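Summary of structural features
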Amino acid sequence: MTMKFNFAILTISAISAAANNDGVQKLITDKAAQVVAAARNEISNIIDNHNPDVNLAAKFVRLGFHDCVGGCDGCVDMTNGDNAGLDVPIEALEPVVDMFAHSGVTRADIWVLAGLEGSFTTQAFGDPENRDFEMEWIGRPNCEDLNKATDCVEDSCSQIRGPHRELPSPNLDTHDLLEFFSNEFGFSDRDTVAIMGAHSLGGLKRENSGYDGTNGWVVNTRLLANQYYGSIVGSTAALKNCDVSADSTEDCVSELKDANKWEQVFIDNSDLSTPNRWEWERSFSLDSHFVMINSDIALVRNLTGLMDTDGRVSTCQWKCNRPVRCGKPACPHAPETISIAAEFASDNGLFLEEFESAFKAMVAHGQYDTSAGCTSPPCTVGAKARRNFKAAQYLRIS
């Protein structure tokens, strides 16, 4: 007898009702795990064999985030300029989506799996502190299975015409950054600081985002590590006993703020369709620089009330070691998050652990809960609860 598995509709409750047998449960979940492992291997091969000039692993991580804002559904709105450039990872994954379409692994699952593999494969080779970034659930519905056509852009739901989703502004201050991730994913302050570490991967192009950051945020744009935090945090030696409250005058706060010199620069995009930008740059040669956007700087500087509507910060600067000679005062530190960024800057293993936790919570976004307390399913589960719940619409594979 041949057993057929339709993982997209297979439920934990259905398995229990059909056979109260641990052996049957294990057989089904083991089979699902094998299918996911095979799909993950295909994604790994695509990363390895893709054009080496394209940082595809980083693009998979970015796709995972953009897809999961509003719920991971295998769709983005490519008419939204914030999604510019995502056509590359979407097209790269199409063969894998087609290959496993009849195995119960949806396009939404494949996109999530690509984000997990992109994170996994960019860790330092052989580092004992590396994380597994395992896939935990399959069966996420695609947007065309969840929505009426009129709910999507141009009245047609597809992988490139999903429902409109409001992505975070690049000009968020600390409070707004924390609020966005809390409201969207149920993130704590630590989760938010950790997920921002994804900016250690990839770069920024004027034609996509308006930012001139082809060299990326950090030296090695193909390494998922804590180098991002080390670029915006100074000495962490006295971190343990440091008072980082807003009105603190302790020397340790000055030491935390005394990081690499960043200067805000205007980017004129009048020759393109992207908006003009203000970005923070740190030069490393005569004609090359690293980049940060205001939302990155918000992890260590409190820019509340200091940003113009276009993102310009005109009343303070990154740091001022000699107040008498400075034209503008130093921007105040961000008391909610600077110490967390400093912790990650000093401990790569801690960063990877908390980044993995936040990323896996993010890619569970939008799962439906039919447990007690959800009176009108489907219900979106908060991030903390989501890590432990048993979702009837999904098959847990790990």
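Placed above this text is the structure.
Here's what I pulled together on the structure shown here.

Procedures and definitions
Residues numbered from 1 in each chain as written. Predicted model: local features only at pLDDT ≥ 70, side-chain atom pairs only at ≥ 80, totals over all residues. Heavy atoms only, no water. Patch = residues over 30% accessible without salt bridge, like charges linked within 9 Å, V, L, I, M, F, W, Y side chains within 5 Å. Areas by Shrake-Rupley, 256 points an atom, 1.4 Å probe, with all protein chains shown as cover. Salt bridge = Lys/Arg side-chain N within 4 Å of Asp/Glu carboxyl O. Lys, Arg positive; Asp, Glu negative; His and termini not counted. Charge placed at Lys NZ, Arg CZ, Asp CG, Glu CD. Helix = DSSP H or I, 4+ residues; strand = E, 2+ residues; numbered from the N terminus. Disulfide = S-S within 2.5 Å. Expected span 1.5 Å × (residues − 1). Buried < 20%, exposed > 50% of the residue type's maximum accessible area, 1.4 Å probe, protein only. Phe/Tyr/Trp six-rings, centres within 6.5 Å; stacked < 30°, edge-to-face > 60°. Lys NZ or Arg CZ within 6 Å of the ring centre and 35° of its normal.

Digging into a negative patch on the surface
Together, D243, D247, E250, D251 and E255 make up a region of like negative charge exposed at the surface. Mapped onto the secondary structure, D247 falls in the loop between α10 (227-230) and α11 (251-257).

Observations regarding the state of the cysteines
In total, this model carries six disulfides according to the counting rule given. Note that C75 is cross-linked by a disulfide to C143, the S-S spacing being 2.1 Å. Here the disulfide of C75 and C143 is left-handed, its torsion about the S-S bond being about -80 degrees. One end of the pair, C75, is in the loop between α3 (56-68) and α4 (87-99); the other, C143, is in helix α6 (residues 143-146), with 68 residues separating them in the sequence.

Examining helix α5 (residues 107-121)
An ideal rise of 1.5 Å per residue puts 21 Å on 15 residues; α5 measures up with 21 Å between its terminal C-alpha atoms. Burial runs high along α5: 13 of the 15 residues are buried.

Observations concerning the packing of aromatic side chains
Enumeration over the complete set of coordinates arrives at 16 aromatic pairs. Relative to F187, the ring of F185 has its centre 5.3 Å away and its plane inclined at 35 degrees; by these criteria the two rings are tilted. Considered together, F185 and F187 belong to a single accessibility category, that of buried residues. Aromatic rings pair up to connect F133, Y228, Y229, F344, F351, F355 and F359 into one cluster. Against the face of F120 rests R40, its NZ or CZ located 5.6 Å from the ring centre. The ring of W318 has R301 lying over it, and the distance from NZ or CZ to the ring centre is 3.9 Å.

Function-wise, these values are silent; they only describe arrangement.
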